[in-house]
Structures are given as C-alpha cells and as structure tokens.
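Chain residues, written in single-letter form:
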Amino acid sequence: MAYPTDPRTRAQVPAAPTRPAWYVILGSWLWALLPLYLFGLLSWVPVLHAWMRLRRRALRNWTLTLGGVTALAFLLLVLDPSDSDADTSFMTGLATTLLFAAMVAGSIQSFRLRREVFGDTAGRGGRAGASDWHSMAAVAQVEHARVRRAEARALVEKDPGMARELRIGRPDLSNRAYDDGGLVDVNHASAQAMVDLLELRPEYAEEIVRAREEAGGFSGVAELGAYTSIPAPIVDGLRERAVFLRY
C-alpha cells in the first residue's frame, strides 16, 4: 500500500481507507453490543476504545470502574469455594450481580458513544467515512509527534551526550534512527533545516546561524530572541519544535 509522506515531519500517513457505509454501521453496532453478548465480561472494552479516541477524563474513569467491577466479579467466581453441584453461593450471586451491573452500565455508555466514536454514517450513501479516517490519522500523527518531542526533550535534559549521539534535532544529518518528533536543534541545525521544519524565512534562518556563531549558541528561546531581530511572535512560535543543545 502506498503512503503519502509529509515533507515537514517525514512521517508516513496511511491513505484513508474507503469503506462501504453498511460496513461502518454494522461494525459500530457490534461494538456497542459487546457488553450484552458477553454478559458484561468485556463491558470496559468499548469505553476504553472511546477514551482512546476522545481522550475524556470521565471515559477513563468509566473504563477503570467497569474494569475493576469485572475483575472483582471474575475473582469471586474463581475463589468461590462452594461445590459446583450445590445451590448458588453468596460469592457466585454477588459476581453475577456485578457482571449484570457492568453489562447495563457498559451498554448505556457504548450506545451513547457510538455515534461520536464512529461518526454518523446513517445518512451517507455509497462509500462513506474516508474523510473521517483521514482526519483521525492526521490527529493521531500530530499527537504521536508531540509525545516523541516530549520524550526527546527529557532525554536532552537528562543525558545531553546521548542526545547528541542520537542526533536529536538534526534533520539535516543522515542515518538518524531516533524519532524525535520533528525537533530542530537551533544551535547546530542548518539554515535550510530551520526553513523546512520551523517554517522560518530564509533571512531569519541565516540570521540565527550568524547570531549563534557570535554568541556560542543559545540557552533557549528567550536568548534567541535577545540576540536576533526576529519578531517576538515568530520566536515564541518556535517553542513547539525548537531545542537547544550545547556542545
């Protein structure tokens, strides 16, 4: 399968799949019915999936609650000391009650969240959902890059030597195996790299190169602004991707 490449992040974005509307609708209903046809055992799965898509704290709490109730019910069934031929014991009855409660609560949540998670495809004819898949892929790509940048920044603070060996912030160098999420080391990266990834004008990138040679490098965005004539809003906009290694 061919993957278009984002020239700014060098990341591969999967092409949006094209699925029939009935396929998406059927999948969304099977997803919503999961707590029912497994009698609550996996009632937490749809809510977990919804939380991963929507990132709401309430959904995370619902996932933990339903998962805890299900785990407790399973533990009660495993630890039930009564004979299998005997009448239903207290532990078995309590486990059944917990599973029923999880099934009801999980079903309510999954039916309530179905349209948000899968989108409203009922009114779409032919093939639907391609733009939604593409949008979700784009958002996921940005979130992944942010996580990678945060991890790379932490590594720069903890172990600058390793950060240098991993070539963090050096998209102008070849043979880089570490994914830093698109960071640019303003103290060492080429002017062209700053133009490509930081979206700076060529004259601003050249000024940064001259200023860092005179100053021996910058300690951060504030010092970069003090040593150059680049407008403050542009300098402040570099915080997301700029990193400053000193060596």
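Residues numbered from 1 in each chain as written. Predicted model: local features only at pLDDT ≥ 70, side-chain atom pairs only at ≥ 80, totals over all residues. Heavy atoms only, no water.

### Observations concerning the packing of aromatic side chains
Right, on to step 1. The final tally for this structure, using the stated rule, is one aromatic pair.
Right, on to step 2. Judged by centre distance (6.2 Å) and plane angle (50°), the ring pair of Phe218 and Tyr227 falls under tilted.
Right, on to step 3. By relative accessible area, Tyr227 is classed as partly exposed at 49%.
Right, on to step 4. One residue, Arg55, lies across the ring of Trp51, its end atom 4.5 Å from the ring centre.
Right, on to step 5. Taking NZ or CZ as reference, Arg148 lies 5.1 Å from the ring centre of Tyr178, over its face. (Phe/Tyr/Trp six-rings, centres within 6.5 Å; stacked < 30°, edge-to-face > 60°. Buried < 20%, exposed > 50% of the residue type's maximum accessible area, 1.4 Å probe, protein only. Lys NZ or Arg CZ within 6 Å of the ring centre and 35° of its normal.)

### Concerning a nonpolar patch on the surface
Right, on to step 1. Residues Leu72, Phe74, Leu75, Val78 and Leu79 make up a contiguous nonpolar surface patch of roughly 490 Å² in combined accessible area.
Right, on to step 2. Considering the arrangement of structural elements, one finds Phe74 in helix 4 (residues 57-79).
Right, on to step 3. Overall, the relative accessible area of 53% leaves Phe74 in the exposed class. (Patch = residues over 30% accessible without salt bridge, like charges linked within 9 Å, V, L, I, M, F, W, Y side chains within 5 Å. Areas by Shrake-Rupley, 256 points an atom, 1.4 Å probe, with all protein chains shown as cover. Salt bridge = Lys/Arg side-chain N within 4 Å of Asp/Glu carboxyl O. Helix = DSSP H or I, 4+ residues; strand = E, 2+ residues; numbered from the N terminus.)

### Points about the pattern of salt bridges
Right, on to step 1. Enumeration according to the criterion identifies five salt bridges in this entry.
Right, on to step 2. Two residues, Arg176 and Asp180, come together in a salt bridge whose shortest N-O distance is 2.9 Å.
Right, on to step 3. The partner of Asp236 in a salt bridge is Arg239, and the shortest N-O contact between them spans 2.6 Å.
Right, on to step 4. Asp236 sits in the partly exposed class, given a relative accessible area of 44%.
Right, on to step 5. On the accessibility criterion, Arg239 (48% relative accessible area) is partly exposed.

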